[in-house]
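So you can see what is in the structure, the chains are spelled out below.
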Amino acid sequence: MITTTGEHLGPRGIVALKGEYMIPCVYHFYRDPPQIVRGQGAHLFDHQGRRYLDCYSGVTVMNAGHCNAKINAAAIEQINTLQHTCTIYLTEPIVRLAERLAAAMPGGLRRSFFACTGSEATEGALLLARLHTRRPLVVALRDGLHGRTRWAMNATGIEMWRTDPLPDPDIRFVAMGDVGGLRELFAAEGERIAAVIAEPIHGNGGVVVPPPGFFAAVRAECDAAGALWIADEVQTGMNRTGKFLAVEHEGVLPDIVCLAKALGNGFPISAFVTSDAIAAGYTRPGASTLGGNPVSAAAALATLEYHERNGLGARAAEFGGTLRDRLGELQARHEIIRDVRGRGLMIGVELNPEKVEKVDLVHFSSAADFVLERMKDAGFLIGKTGVGRNVLTFMPPLVVEWSELADAADALDRVLSEL
Ligand SMILES: Cc1ncc(COP(=O)(O)O)c(C=O)c1O
């Protein structure tokens, strides 16, 4: 039993309890991690009252900001009125949410199934594609990530997340942008392919933006073969890239879209959304006990309303463009930056570890970890993604102010000078 000395358990106490009682796969960032105790807008606060600019949003969940008063008020009112029943009883928030989501989605994507996590959304979307096509194969992208459930994990192309020791033989992989490889796969096995599942921009894979025309080729191959295209917008959706969905940058639309994370702004809710024609194939009973529960649905409804009223998509587009330019200037001055890329406020800064000269990284497993730690000490919590875990990732709440992002870029400039 660990006792608390002050008001908080503190980082050491938390690490000790984690080590004792949690499954060891649950890892955390930082050599010297803070205990996060409070959030407000674009900021997080630790147990010692230190304020941080949150540049990762709990991995792109808190797009409308921490402890958003309007969203939380809607959720609290719902908690105090009707907290839970299941979809076998009629309640209003879930259908109001479905209606509002249909209005926000492009094209004829207007029928939703609600669950709690991104993994369930991708898993459900794959089931829907299989119901529609009655085919076995799934095509996924090599550096994509789709979740922790069996099918979603097997469709994940990043080795570190492919924990299943007995991989599913019915998944095929192709690299983002490899139109030739995609065509070859379809030429060989097209009539057995149920779906192509892909993130419109790789999130965990290191903010990899598709080359122009790649998703048009995915659309064309799927159409020719009678397969479906599933866009996993769990990270990229909800205005993160400057549009409601990231596929809206591509000029072609998918058959099924998966949303989660920022949909509930911290309340657990996810969805897969499709057309009338594809939804018609899923008529056998389907239920998720907590999926689209009244509180999460009320929160998601208030979240969608907040995004629209406050133009969060336009903010992401504007601030994201300016931040990318600013980080591009750093690239010109710091050899260690290999690439700066992204869309809207989903930005990756890829490091070239071979360019570390001045600092001894003996206490850090990588240059990226060094930068993350120093940025945290300077008051900025940034992310780390990429197959080589060498991509610094900026995905702040979309309510962030430009001056705060400019401060983050200045801090990065100073930290990179140490390397
Ligand atoms: C693109 C993408 N899909 C699916 C998931 C899985 O979501 P969850 O962790 O909510 O199950 C993630 C999680 O990071 C993700 O980034």
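The shown structure was predicted, so the numbers you read here are calculated from the model rather than taken from an experiment.

Taking 1.5 Å per residue, 13 residues should reach 18 Å; helix α4 (residues 92-104) reaches 19 Å between its end C-alpha atoms and fits that length. For α4, the secondary structure elements touched by its buried residues are α3 (69-79), β4 (111-115), β9 (256-259), β10 (270-274) and α10 (294-309).

By nearness alone, every residue bordering the ligand is listed as Thr117, Gly118, Ser119, Leu145, His146, Gly147, Arg148, Glu199, Asp232, Val234, Gln235 and Lys261. Within the side chain of aspartate 232, an N or O atom sits 2.7 Å from a nitrogen atom of the ligand. In this structure, an oxygen atom belonging to the ligand sits 3.0 Å away from a side-chain N or O atom of glutamine 235. Protein chains bury 84% of the 390 Å² of accessible surface belonging to the ligand in isolation. The site holding the ligand turns out to be the largest pocket. For the shell around the ligand, the per-class residue count stands at two nonpolar, six polar and four charged.

Moving on to the sheet that holds strand β3 (residues 51-54). Across a sheet, strands are paired by hydrogen bonds formed along the backbone, either parallel or antiparallel in direction. As summarised here, the arrangement of the four strands in space is β1-β2-β3-β13, forming an open sheet in which the pairing is mixed. The open sheet has two free edges, formed respectively by β1 (36-40) and β13 (380-381), since each of these has just one partner strand. Sheet topology note: the β1/strand β2 (residues 43-46) ladder contains four bridges and is antiparallel. Bridge pairing in β2 links glycine 39 to leucine 44.

What follows concerns a nonpolar patch on the surface. A cluster of nonpolar residues, Tyr21, Met22 and Val26, forms a patch on the protein surface that exposes about 330 Å² of accessible area. Judged by relative accessible area, which is 40%, valine 26 ranks as partly exposed.

With respect to the element layout, glutamate 373 can be found in helix α12 (residues 367-377). Under the relative-accessibility criterion, glutamate 373 is labelled buried at 4%. Measuring from C-alpha to C-alpha, the distance between glutamate 373 and valine 415 comes to 9.7 Å, with 42 residues separating the pair along the chain. Leave out the neighbours within four places in its chain, and glutamate 373 touches Tyr30, Arg31, Asp32 and Phe364.

With that out of the way, let us pick up the sheet that holds strand β7 (residues 193-198). Here seven strands make up an open sheet; going across it, the order is β4-β10-β9-β8-β7-β5-β6 and the pairing mixed. Of all the strands in the sheet, just β4 and β6 (171-174) have a single pairing partner and so form its edges. In this sheet, adjacent strand axes meet at a mean angle of 20° when their direction is disregarded. The sheet contact formed by strand β5 (residues 137-141) and β7 spans four bridges and is parallel. Within the sheet, the bridge partner assigned to valine 139 lies in β7 and is valine 196. In the packing of helix α7 (residues 179-189) onto the sheet, contacts are made with β5, β6 and β7, and the angle to β6 comes to roughly 150°. Sitting on the sheet, helix α8 (residues 214-225) touches β5, β7 and β8 (228-232), and the angle it makes with β8 is about 145°.

This part is about the nonpolar core. Ranked by size, the top nonpolar core spans 51 residues in total, and within it Leu327, Leu351, Val371, Leu392, Phe394 and Leu412 carry the most contacts. Among the domains, domain 1 (10-64 + 312-417) and domain 2 (69-309) are the pair contributing at least three residues each to this core. Setting aside residues no more than four positions away along its own chain, leucine 351 makes contact with Ile336, Ile337, Arg338, Ala367, Ala368, Val371, Asn390, Leu392 and Leu416.

What follows deals with the domain arrangement of the protein chain. Assigned domains of the protein chain: these are domain 1 (10-64 + 312-417) and domain 2 (69-309). Taking only C-alpha atoms, the centre of domain 1 and the centre of domain 2 are 26 Å apart. Listed by partner, the interface residues are 31 residues for domain 1 and 30 residues for domain 2. Across the interface of domain 1 and domain 2, roughly 2,400 Å² is buried in total on both sides, 59% from carbon and sulfur atoms. Where glutamate 250 meets arginine 343, a salt bridge forms, and the shortest distance between an N and an O atom there is 3.2 Å. Between domain 1 and domain 2 we count 15 residue pairs in polar contact (both at pLDDT 80 or more) in total. Put simply, the parts of the chain that give the side of domain 1 that touches domain 2 at least two residues each are α2 (57-60), α11 (312-333), β11 (337-343), β12 (346-351) and β15 (391-394). It is α11 that contributes the most residues to the side of domain 1 that touches domain 2, four residues altogether. Here the residues of the side of domain 1 that touches domain 2 sort into 18 nonpolar, 10 polar and three charged.

With that out of the way, let us pick up the side chain of asparagine 265. Structurally, the position occupied by asparagine 265 is in the loop between β9 and β10. Look at asparagine 265 and you get buried, because its relative accessible area is 3%. A distance of 3.3 Å separates the side chain of asparagine 265 from the backbone nitrogen of asparagine 63, its partner in a polar contact. Separated by 2.9 Å, the side chain of asparagine 265 and the backbone nitrogen of alanine 64 make a polar contact. In this view, asparagine 265 contacts Val61, Met62, Asn63, Ala64, Gly65, Asn68, Ile71 and Thr303; residues no more than four positions away in its chain are not counted.

Calculation criteria
Residues numbered from 1 in each chain as written. Predicted model: local features only at pLDDT ≥ 70, side-chain atom pairs only at ≥ 80, totals over all residues. Heavy atoms only, no water. Helix = DSSP H or I, 4+ residues; strand = E, 2+ residues; numbered from the N terminus. Expected span 1.5 Å × (residues − 1). Contact = heavy atoms within 4.5 Å. Near = heavy atom within 4 Å. Polar contact = N/O pair within 3.5 Å; in protein donor to acceptor, adjacent residues only side chain to side chain. Areas by Shrake-Rupley, 256 points an atom, 1.4 Å probe, with all protein chains shown as cover. 1 Å grid on protein atoms, 1.4 Å probe; cavity = no way out; pocket = protein on both sides within 12 Å on 5 of 7 lines; lining within 4 Å. Sits in = over half its atoms within 2 Å of the grid points. Nonpolar A, V, L, I, M, F, W, Y, C, P; charged D, E, K, R; others polar. Pairing = 2+ DSSP bridges. Patch = residues over 30% accessible without salt bridge, like charges linked within 9 Å, V, L, I, M, F, W, Y side chains within 5 Å. Salt bridge = Lys/Arg side-chain N within 4 Å of Asp/Glu carboxyl O. Buried < 20%, exposed > 50% of the residue type's maximum accessible area, 1.4 Å probe, protein only. Axes fitted to C-alpha atoms, helices over the stretch in contact; angles between N-to-C directions. Core = buried A, V, L, I, M, F, W, Y, C linked by side-chain atoms within 4.5 Å. Domains from an automatic or database assignment. Buried area = accessible area lost by both parts, 1.4 Å probe.

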